[in-house]
Amino acid sequence: MSKVEEFERLRPLLISIAYRILGSVGEAEDAVQETWLRFDGSSTRPTSTKAFLSAAVTRISIDVLRSARVRREEYVGPWLPEPLLSDPFQGPARSVELADSVSMAALLLLERLSPLERAVFVLREVFGFGFDEVAAAVGRSEAACRQLLVRARRHMEAGRPRFEADRKERQELATRFFDALRNGDVGGLQDLLAADVQLVGDGGGKAPQLARAVIGAEHVARLLASVIPQMARIDVTFEPHEINGQPGAIFLDRDGKVLHTLTLDVLDGQIQTVRTVINPDKLRHVGPVADAWAIARAMKQARRQPN
């Protein structure tokens, strides 16, 4: 097998590792490209190509994350991970860990970890790497990696919900949510939302965004029920789509360009969090991006006109 063939065979795994460490599709793709350049430039073939490439992409991702954290501290408004429409790596033996680790909620919990803790957690807990492989990837001893994992688990478990919703329950609730959304049904939406539900938007200062999170079932339901019909008046539509392994939707302008994504966190039969990503820089991998400012102006104009 040629170098190119070996690399392409492992590319889905490398993208999946990098995305979980970075929370960014674009940065993950760049990390994988840099990994290829290092592999292609190496004069010797490693004993294990998988181990070599996994270690390389992990180290590159750790370095990228360290610099990215400075930018995230200066980010305008709430920072959310870039939406992932489908995980390129499928591992039947660890399907539950893979699905859980890519959710928006899990990725935000991973933000609490140091770059080393995050890398160790991802390699060991998500992908099931041996401690010897983890140690080689992050450049620490096995004993140090075990301590890093203990700390990472402690942070992750402290923030995890006590009860997980099964896939069927999530999907059924999401279907009811999107039906109520289309109809502007305040009561129908409110029945599906937890009392302390939060609506969080990520515009990054590059698109219209909420000044702060909207909290409470009534407030969130009324906002959604008023805004979505207004968007429909100017031919903005949405398509339900699984995003980061969770129920969600992609909103499109009249030309089919991506306006924003929306994801739902479902727990104990209710929606706990609604997250929207409208920052155009985080949507380019989803498709051609709409002009969110123009949409906002069109909505304002439409409100002035009689129905």
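Keep in mind that what you see is a predicted model, and the values were worked out from it rather than measured. (Residues numbered from 1 in each chain as written. Predicted model: local features only at pLDDT ≥ 70, side-chain atom pairs only at ≥ 80, totals over all residues. Heavy atoms only, no water.)

A. Quick peek at the packing of helix α7 (residues 131–138) against helix α8 (residues 142–159). Running from N to C, α7 and α8 point in directions that differ by 95°, and their axes come no closer than 9 Å. Here α8 runs roughly perpendicular to α7, going by the angle between their axes. Across the interface between the two elements, Phe131, Asp132, Val134, Ala135 and Val138 of α7 pack against Glu142, Cys145, Arg146 and Leu149 of α8. Here the residues of the contact of α7 with α8 sort into 6 nonpolar, no polar and 3 charged. (Axes fitted to C-alpha atoms, helices over the stretch in contact; angles between N-to-C directions. Helix = DSSP H or I, 4+ residues; strand = E, 2+ residues; numbered from the N terminus. Parallel < 35°, antiparallel > 145°, perpendicular 65-115°, else oblique. Contact = heavy atoms within 4.5 Å. Nonpolar A, V, L, I, M, F, W, Y, C, P; charged D, E, K, R; others polar.)

B. Highlighting the environment of Ile228. Along the chain, the position of Ile228 falls in helix α11 (residues 217–233). Accessibility expressed as a relative area gives 9% for Ile228, which makes it buried. Separated by 207 residues in sequence, Ile228 and Ile21 place their C-alpha atoms 34 Å apart. Those residues in contact with Ile228 that lie beyond four places of it in its chain are Leu181, Phe238 and Phe251. (Buried < 20%, exposed > 50% of the residue type's maximum accessible area, 1.4 Å probe, protein only.)

C. How the structure looks around unusual backbone geometry. Backbone geometry at Asn244 places phi at a positive 50°, although glycine is not the residue there. Tracing the chain through its elements places Asn244 in the loop between β3 (237–240) and β4 (248–252). Positive phi, normally seen in glycine, also occurs at Asp268, with a value near 55°. Secondary-structure assignment places Asp268 in the loop between β5 (258–267) and β6 (270–277).

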